[in-house]
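# Coordinate inspection notes
Given next are the chains, with one letter for each unit.
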Amino acid sequence: MKLPRFSSLYGRIFAVFWLTLLIVVLTLLLLPHLDPRTQHTIPEPQLQRYHDLAADVADELNQGNAALEQKLQRFTDHQRHRGFQLYFTTVDTEIIAPTGRNKALRNFITMADSPDAPRQKLYGRWMMAGPFPISYRDDTLLMYVGRIWREPPPFFLQILDKPFQLLLVTMLVSTPLLLWLAWAISIPARRLQQAAERVTRGEFEADPRLEAGPSEFKQAGASFNQMVQAINQMIGGQQRLLSDISHELRSPLTRLRMATALAQRKQGESKELTRIDTEAERLEKMISELLELSRMQVNSHDQRELCDAQALWFEMLEDARFEAEQCGKQLEYTPLQAWPLRGNPNLLISALENVVRNAIRYGNDQIRLEFTHTDDRLIMTVDDNGDGVPEAELGDIFRPFYRVSTARDRSSGGTGLGLAITDSAIRQHSGKVTASRSPLGGLRVTLTLPLAIS
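These numbers come from a predicted model, not from an experiment.

This paragraph deals with the overall build of the protein chain. Looking only at helices and strands, the protein chain has 12 helices and 13 strands in total. Scored against the burial criterion, the 454 residues of the protein chain give a buried share of 39%. Sequence-distant contacts, at least 24 apart, represent 63% of the contacts inside the protein chain between residues at least 6 apart. When the accessible surface of the protein chain is split by element, carbon and sulfur atoms take 56% of a total near 26300 Å².

Right, here's the structure in full:
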């Protein structure tokens, strides 16, 4: 069996558990030794005072001819109100004075009966100490001292006496260790989560901080960074492939259109040559938009920056309004504000522009664009009063090359890629695009983007 290492996560959990248990056990074993209710040696200054007291008592007992009981009575009567009491026994632990019930003394005698090693112990509020030898003529007596314990019970003693408080202290002792363990787990996990969120936003960047912390998170972070690097290599390969495709496809199309133009110049205008040139132009446009869609899907993580909606779309919307007026149509939009957005400016401009120009193309005479926002979202709604899209096809219009009406698209020069480009751009900015029936009678397209909240 492989032993856990402290650098690993399961090793740290194992160590924290046993360290917490060890601290609690040691505390429970050591605290009773500080309990004044258990037998303890008497501090040296206090012990010397007790010996001095025993010597004074011995001197007085050896003076005079009165009976021993009468002499001892002077030391045992009327002392409790002063906060202390003297007790006397024989060396055989037989109580001489004071007579009566001495429960604490009898209990203490059974544990402390050696004059060579005086002890003390607390009984409730009464501290017993002794025994101290007293020489009386040819005999030896033992003296015990009882005094009222005026100090409050120690805090730890209160804890030991109450299980709930003991449990609470145990939790407090273990809390710093558990907090450290939670920190050791949560910090690398949060870094990994943030890195994954950056990838979902199209930011494929390796983060060296992921390779810190417990060994399990180091391995996960290293694998994550390797994945990001592999994705970047794949993206680089796709970029080179797209560049090659663009060159290889556009070159023959360009030569075809040049040949068509030369044929028209030599033979004059003809219906066949015009159709060839029109189809070649449409094919070139379709290839351009297809390559644009592909580049958008590949390069969405590049050129991410913080921008605001007003600077981003104002100029484009003014151009679209002018073009709508030239077509005898009216474009209206609510005022733009400086809503913060983070992303690729060109893609965001293209996303809204394709929807607006699509509405201008297919709307009869009225296009309306409304901007609204919530705490974390910007919502753009584009309506037109055209023929609209059948309800069953609303979910398909964002697919590449999808045509609701082939005759209409061909006459308008559409390729079926504009809304697909919009959908791709918005989704790669963690947004959403939906289509529905417009209150104006045509199509409504709703675009939702997250605001860049700091």
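Read on for the rest.
Considering all chains together, one arrives at eight salt bridges under this definition. For Arg-321, the salt bridge is made with Glu-318, and the minimal N-O distance between the two is 3.5 Å. With a gap of three residues between them, Arg-321 and Glu-318 both fall in helix 9 (residues 309–326), about one helical turn apart. Under the relative-accessibility criterion, Arg-321 is labelled partly exposed at 26%. Among the salt bridges present, the one from Glu-353 reaches Arg-357, with a minimum N-O distance of 2.8 Å. With Glu-353 and Arg-357 both in helix 10 (residues 345–362) and four residues apart, this pair spans about one turn of that helix.

As a further point, take the confidence of the model for the protein chain. The share of residues in the protein chain with pLDDT of 70 or more is 81%, and the mean pLDDT across the chain is 79. Mean pLDDT in the protein chain bottoms out at helix 11 (residues 406–412), which sits at 45, and peaks at strand 11 (residues 377–384), which reaches 94. Between residues 406–411, whose pLDDT stays under 50, and residues either more than four places distant or in other chains, the model counts nine contacts.

This paragraph deals with helix 12 (residues 418–427). Within helix 12, eight of the 10 residues are buried, leaving the element largely enclosed by the surrounding structure. Of the positions making up helix 12, those classed as buried are Leu-419, Ala-420, Ile-421, Thr-422, Asp-423, Ser-424, Ala-425 and Ile-426.

Glancing now at a nonpolar patch on the surface. Together, Phe-14, Phe-17, Trp-18, Leu-21 and Val-25 line one region of the surface with nonpolar side chains, adding up to about 500 Å² of accessible area. Counting through the fold element by element, Phe-17 comes out in helix 1 (residues 9–30).

Further remarks concern the sheet that holds strand 6 (residues 139–148). Judged by pairing direction, the sheet is antiparallel, and its six strands sit side by side in the order 1-4-5-6-2-3 without closing on themselves. What marks the edges here is a single partner per strand, and that holds for strand 1 (40–41) and strand 3 (95–97). As defined by bridge partners, strand 5 (residues 126–136) adjoins strand 6 across nine bridges and the pair is classed as antiparallel. Looking at the pairing, Met-128 lines up with Gly-146 of strand 6. Along the sheet, helix 2 (residues 44–61) makes contact with strand 2 (84–90), strand 5 and strand 6, crossing strand 5 at roughly 45°.

Taken in spatial order, the five strands line up as 8-10-11-13-12 in an open sheet, and their pairing is mixed. Each having just a single partner strand, strand 8 (330–333) and strand 12 (432–437) make up the two edges of the open sheet. Averaged over neighbouring strand pairs, the angle between their axes works out to 15° when direction is ignored. As defined by bridge partners, strand 12 adjoins strand 13 (residues 443–450) across six bridges and the pair is classed as antiparallel. Note that in strand 13 the partner of Arg-437 across the bridge is Leu-443. Where helix 10 meets the sheet, it contacts strand 8, strand 10 (366–373), strand 11 and strand 13, and its direction lies at approximately 170° from that of strand 13.

Before going further, it helps to spend a moment on the nonpolar core. Looking at soluble globular proteins, one finds that nonpolar side chains tend to be buried together. In this structure, Trp-313 and Leu-352 are the most contacted members of the largest nonpolar core, which totals 41 residues. Elements that contribute at least two residues to this core include exactly helix 9, strand 8, helix 10, strand 10, strand 11, helix 12, strand 12 and strand 13. Considering every element that reaches this core, the biggest residue donor is helix 10, with eight residues. Leaving out residues up to four positions away in the same chain, Trp-313 has contacts with Leu-336, Leu-341, Leu-348, Ile-349, Leu-352, Phe-371, Leu-378, Met-380 and Leu-449.

Now for the environment of Ile-134. Mapped onto the fold, Ile-134 is located in strand 5. A relative accessible area of 0% means that Ile-134 is categorised as buried. With 83 residues separating them in the primary sequence, Ile-134 and His-51 have C-alpha atoms 9.3 Å apart. Once residues within four sequence positions are removed from consideration, Ile-134 is found in contact with Ala-54, Val-57, Ala-58, Leu-61, Phe-88, Asp-139, Thr-140, Leu-141 and Met-143.

Now for the side chain of Asp-384. On the secondary structure map, Asp-384 appears in strand 11. Only 2.9 Å separates the side chain of Asp-384 from the backbone nitrogen of Gly-386, close enough to count as a polar contact.

A separate point is the packing of aromatic side chains. A full pass over the atoms with the stated rule returns four aromatic pairs. Judged by centre distance (5.9 Å) and plane angle (85°), the ring pair of Phe-108 and Tyr-144 falls under edge-to-face. Within this pair, whereas Phe-108 is found in helix 4 (residues 103–109), its partner Tyr-144 is found in strand 6, the two being separated by 36 residues in sequence. Of the residues examined, Phe-108 reaches a relative accessible area of 0% and is grouped as buried. One aromatic cluster is present, built from ring pairs that chain together Trp-313, Trp-339 and Phe-371.

This next bit is on the pairing of strand 4 (residues 119–123). Looking along a regular strand, one sees the side chains alternate between the two faces of the sheet. Most of strand 4 sits out of view: four of its five residues are buried. Pairing of strand 1 with strand 4, which is carried by two bridges, proceeds in the antiparallel orientation. Each residue of the ladder has a partner; that of Thr-41, found in strand 4, is Arg-119. For strand 4 and strand 5, the ladder comprises five bridges, and the chain directions are antiparallel. Its bridge partner being in strand 5, Leu-122 is matched across the sheet by Met-127.

Cut-offs used in this document
- Residues numbered from 1 in each chain as written.
- Predicted model: local features only at pLDDT ≥ 70, side-chain atom pairs only at ≥ 80, totals over all residues.
- Heavy atoms only, no water.
- Helix = DSSP H or I, 4+ residues; strand = E, 2+ residues; numbered from the N terminus.
- Buried < 20%, exposed > 50% of the residue type's maximum accessible area, 1.4 Å probe, protein only.
- Contact = heavy atoms within 4.5 Å.
- Areas by Shrake-Rupley, 256 points an atom, 1.4 Å probe, with all protein chains shown as cover.
- Salt bridge = Lys/Arg side-chain N within 4 Å of Asp/Glu carboxyl O.
- pLDDT = per-residue confidence, 0-100.
- Patch = residues over 30% accessible without salt bridge, like charges linked within 9 Å, V, L, I, M, F, W, Y side chains within 5 Å.
- Pairing = 2+ DSSP bridges.
- Axes fitted to C-alpha atoms, helices over the stretch in contact; angles between N-to-C directions.
- Core = buried A, V, L, I, M, F, W, Y, C linked by side-chain atoms within 4.5 Å.
- Polar contact = N/O pair within 3.5 Å; in protein donor to acceptor, adjacent residues only side chain to side chain.
- Phe/Tyr/Trp six-rings, centres within 6.5 Å; stacked < 30°, edge-to-face > 60°.

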